[in-house]
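Summary of structural features
Chain by chain, the residues:
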Amino acid sequence: MKLVSEGAEGRIEATGEAKARSGAAPAKGLKDLYLRLTRPAHGLIVQGMALSALSVAFGFVPYLVAIAIAQKALAGSMFDAQALALMVGASVVCAVASRLLFGIGTGVCHRADADFRVNARHILLDHFSRLPLGWFSDRTSSEAKQAVSDDVLGMHQSVGHAPTDLVNAVLTPLVPLAYLFAVDWRLSLLLVGYLVVVVAVSMPFMMRDYSSLSKQYNAANVELSASVVEMVEGIEVVKAFGSSKRAGGRFRAAAQNLADVTYTWTKLSAGPFSLLAASISPGMMLALIGLASCLFVMNGWCDFATCVPFLVLGANIPSGIMAVSASMGFLRLAKQNLEHIAEVLAVDHLPEKGDAEDLPSGGLDVVFDRVSFAYSSDSSPALCDIDVRLAPGTVTALVGGSGSGKTTFARLIPRFWDPVSGAVRIGGKDLREASSESVLSKAAVVFQESMMLGVSIRDNIKLARPAASDAEMVEAAKAAQIHERIMELPLGYDTVIGSSDGSLSGGEAQRVAIARALIQDAPILVLDEATAHADPENETAIQEALGNLVRGRTTVVIAHRLNTVIHADRILVMESGRIVEEGTHEQLLEARGRYAGLWEAQQAGACFAGHDGKDLV
Ligand SMILES: Nc1ncnc2c1ncn2[C@@H]1O[C@H](COP(=O)(O)OP(=O)(O)OP(=O)(O)O)[C@@H](O)[C@H]1O
């Protein structure tokens, strides 16, 4: 059983609001995408930035007061007590206000971050809801999880902190510099010139090997994640085969490699970084400004009172450079998250016409009209020129060797993908012309892995038709041979799947999935090796449940064990993406072709294994 958790934001569904928010145009670039994802938060981000700017302005006041007092003292006088008290009081209030405003600005940006997350997740989930279902059936489903969860969280710095931090980092040196230029442009120019030279000299050293090191760092991170996933997902196999040391070895090597790369990077950048930090530290700045002031005063280029603002303000001016460089590191990581979101959003939707109609009601046939399909433009076709009609209410079994195309055939029916050529028609309508909602409501699928949401059994069964009554639900559960087992659970139908009381075996979950398909009451049914993993006890119950489910529906069954489908109305034998034989079990045995060969081989195997050969249909 696969448990799909369903948190408040975890349900994959497209709301009208999400559609409206996401907009139709694809993002042109990362900047556009960032603006689109943060759109509902723009107002708050601007407010946060304005508060940060105000914080800088307020934070500047105490310096102005200190400069005024120092200059007055140098001139041999002093403000009267009242004025002095007022100035000092204003300094204290402004210093406190500055910190408060910055804090409030950061808080506002965190609120913006919450809005951004909701919007980004709506956009992603809306996008997912329109992607081909086939996209989710392989490794890409973990990409979906990464985008919705990790990448959105990873962008926290870019929304929750960067706007206020960057405004602060830029204005903290700019405001005093503007003031200093007004005081004495020559000293100011010297100050700025020094900073430019220091940054220009140290930057190339700091950025040396940056791109190759960051590639190595990313690759080491990916390898570490892969080894963790391998160890966690394959833990049963790994332990059963006593190879936990080997699997642990890959993890240890990956962890060591990441540590080595991190150390190398730190070692290479530590020197230039420390040099830059020392060159622009407050102590160094004070010493250099003191020296320059002495030179200027001794040469008569200005008086000492003019130098006072430089001595008071100059030491802190470069602090913005360090703040910007720290912020940039976080922003680079956020950019990687944004790039991954962009990749996911770049996956094409299944086209759906604005005037797409619903499929007709009643018993429906399924027609493959010269259908060919390939998973990508450079892979060989998984289906070639399939031309077949499945009559309403009949059971068709797909058999054939591994990789012959059975799953691909079955999954084109609920439109997991569109054919490359030809058409799949249900009730005479090309699926590309039909609304995706009606296709999914008319074609129910029971997979070998039953997807269960982390909600009550009741909600799991009613998932396909939430309006179904409890009586209908119980009837479906009884037909699916699972009612009695559910009633044994302490909370019955209210038991939450995955909770301590709600753990179901694979076979039991399979029967809940069958009850769900019964509730859906779709005229078309796809059974994807539905008994593949059932134990003997469950298999009988599942077969009985499936017998109730297929009755009267146009059914396609993928079967590996031929003895489960001997009563199918028609058996299609597939090989290399083509239908190579078709007929009933008896007809195919008489024809003595591939099916007969497969049958004989399986019978010999079943006798050997003592298998009793139960019918699925
Ligand atoms: N998601 C995918 N991406 C790329 N190729 C795929 C994908 N799924 C299947 N294929 C390829 O398409 C071909 C048909 O595969 P398909 O799964 O339909 O066969 P199958 O008969 O169901 O096999 P099995 O019995 O082993 O499940 C194979 O060559 C397979 O490697």
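This one's a predicted model, so the numbers in the text were calculated from it and none came from an experiment. By convention here, each chain's residues receive numbers from 1 onward along its written sequence. Local features are withheld for residues below a pLDDT of 70 in this predicted model, meaning they are given only at 70 or higher, and side-chain atom pairs are given and counted only at 80 or more; totals for whole chains, interfaces and linings count all residues. The basis for every side-chain value is the complete set of heavy atoms in the structure, and neither hydrogens nor water enter the calculation.

With that settled, the discussion passes to the sheet that holds strand β5 (residues 421-426). Pairing within the open sheet is antiparallel, and its 4 strands lie in the order β3-β2-β5-β6. Only two strands of the sheet have a single partner each, and these edge strands are β3 (383-390) and β6 (429-430). Should DSSP find at least two bridges between two strands, the strands are taken to pair. We count a stretch as a helix when DSSP gives it H or I for four or more residues in a row; a strand needs E for two or more, and each element gets its number in order from the N terminus.

Note on terminology: near, applied to a residue and a molecule or strand, indicates that one of the residue's heavy atoms is within 4 Å of it. Not every one of the 12 residues close to the ligand is listed here, only the nearest: Ser402, Gly403, Thr407, Thr408 and His560. One of the side-chain nitrogen or oxygen atoms of Tyr375 is found 3.4 Å away from a nitrogen atom of the ligand. Contacts described as polar in this section are N or O atom pairs within 3.5 Å, which, within protein, must combine one atom able to donate a hydrogen with one able to accept it, while residues neighboring in sequence count only if both atoms come from side chains. Within the contact set of the ligand, an oxygen atom lies 2.4 Å away from a side-chain nitrogen or oxygen of Thr408. For the shell around the ligand, the class distribution of residues is 2 nonpolar, 8 polar and 2 charged. When residues are grouped by polarity, Ala, Val, Leu, Ile, Met, Phe, Trp, Tyr, Cys and Pro land in nonpolar, Asp, Glu, Lys and Arg in charged, and all others, Gly among them, in polar.

Turning to the confidence of the model for the chain, a few remarks are in order. Per-residue confidence from the predictor is reported as pLDDT, a score between 0 and 100. Averaged over every residue, the pLDDT of the chain is 84; the share at 70 or more is 88%. Looking over the chain, one finds the lowest element-wise mean pLDDT in helix α1 (residues 16-22), namely 34, and the highest in helix α3 (residues 42-74), namely 96. What makes two residues a contact is simply this: any of their non-hydrogen atoms within 4.5 Å. Residue range residues 1-27 is modelled with pLDDT below 50. Its contacts to residues more than four positions away, or to other chains, number 50 contacts. Here residues 608-613 is modelled with pLDDT under 50, and outside its nearest four sequence neighbours on either side it reaches 4 contacts, counting other chains as well.

Here we come to the environment of Gly454. Along the chain, the position of Gly454 falls in the loop between β8 (451-453) and α16 (457-461). Each C-alpha atom of the pair Gly454 and Val496 lies 6.4 Å from the other, and the pair is 42 residues apart in sequence.

Here, UniProt's "transmembrane region" (unreviewed entry) annotation points to residues 44-69, 81-102, 189-207, 275-298 and 310-331. Between the C-alpha atoms that bound residues 44-69 the distance is 39 Å, and the span itself is 100% helix and 0% strand. Annotated as residues 275-298, this span is 92% helix and 0% strand, and its ends, taken at the C-alpha atoms, are 31 Å apart. UniProt positions are given in the numbering used here, feature names are shortened, and annotations may be inferred rather than shown by experiment.

Relative to each other, helix α4 (residues 81-129) and helix α13 (residues 319-345) sit at 25 degrees, their axes nearing to 10 Å. Between α4 and α13, the crossing angle belongs to the class labelled roughly parallel. Judged by the twist between their axes, the crossing of α4 over α13 is left-handed. Two secondary-structure elements touch here, α4 through Ile123, Leu124, His127 and Phe128 and α13 through Ile341, Val344 and Leu345. Note on geometry: axes are lines fitted to C-alpha atoms, helical ones only across the stretch in contact, with angles between N-to-C directions running from 0 to 180 degrees. Note that the term roughly parallel is reserved for angles under 35 degrees, roughly antiparallel for angles over 145, roughly perpendicular for angles of 65 to 115, and oblique for everything else. A crossing counts as left-handed when the near helix is turned anticlockwise from the far one by less than a right angle, and as right-handed when that turn is clockwise.

Our focus in this paragraph is the nonpolar core. Core analysis: the largest hydrophobic core is formed by 46 residues, its most contacted members being Ile461, Ile514, Leu527, Leu549, Ile571 and Tyr595. If one sorts the elements of this core by residue count, helix α19 (residues 506-520) sits on top with 8 residues. The residues contacting Leu527, other than those within four sequence positions of it, are Val446, Leu546, Leu549, Val550, Thr555, Val556, Val557 and Ile558. Nonpolar cores were defined as sets of buried Ala, Val, Leu, Ile, Met, Phe, Trp, Tyr and Cys residues, with membership established by side-chain atoms within 4.5 Å. Exposure categories follow from relative accessible area, calculated using a 1.4 Å probe and restricted to protein chains: below 20% of the type maximum is buried, above 50% is exposed, and the middle band is partly exposed. Ranked by size, the runner-up nonpolar core spans 30 residues in total, among them Ile413, Phe416, Trp417 and Ile426.

The next thing to look at is a nonpolar patch on the surface. Taken together, the side chains of Val88, Val92, Val96, Leu100 and Ile104 make up a nonpolar region of the molecular surface, amounting to roughly 440 Å² of accessible area. On the basis of relative accessibility, which here comes to 47%, the residue Val96 falls in the partly exposed class. Patches draw on residues past 30% relative accessible area with no salt bridge. Two like charges within 9 Å are joined, as are two nonpolar side chains (Val, Leu, Ile, Met, Phe, Trp, Tyr) within 5 Å. Values of accessible area rely on a 1.4 Å probe in the Shrake-Rupley scheme; residue burial ignores everything except the protein chains shown. Salt bridges are identified by distance alone: a Lys or Arg side-chain nitrogen within 4 Å of an Asp or Glu carboxyl oxygen.

To continue, consider the pattern of salt bridges. One pass over the full model with this rule turns up 20 salt bridges. Its salt-bridge partner being Glu508, residue Arg485 comes within 2.9 Å of it at the nearest N-O pair. One end of the pair, Arg485, is in helix α18 (residues 483-488); the other, Glu508, is in helix α19, with 23 residues separating them in the sequence. Overall, the relative accessible area of 23% leaves Arg485 in the partly exposed class. Connected via shared salt-bridge partners are Arg458, Lys462, Asp470 and Asp494.

Here the focus is the sheet that holds strand β11 (residues 570-575). Strand order in this open sheet of 6 strands is β7-β9-β10-β4-β11-β12, and the pairing throughout is mixed. On the outer flanks of this sheet lie β7 (443-446) and β12 (578-583), each paired with one strand and no other. Taken pair by pair, the neighbouring strands of this sheet meet at an average axis angle of 20 degrees, ignoring direction. The pairing of strand β9 (residues 524-528) with strand β10 (residues 554-558) spans 5 bridges and is classified as parallel. Across the sheet, residue Ile524 finds its bridge partner in β10, namely Thr554. Docked against the sheet, α19 engages β7 and β9, running at close to 175 degrees with respect to β7.

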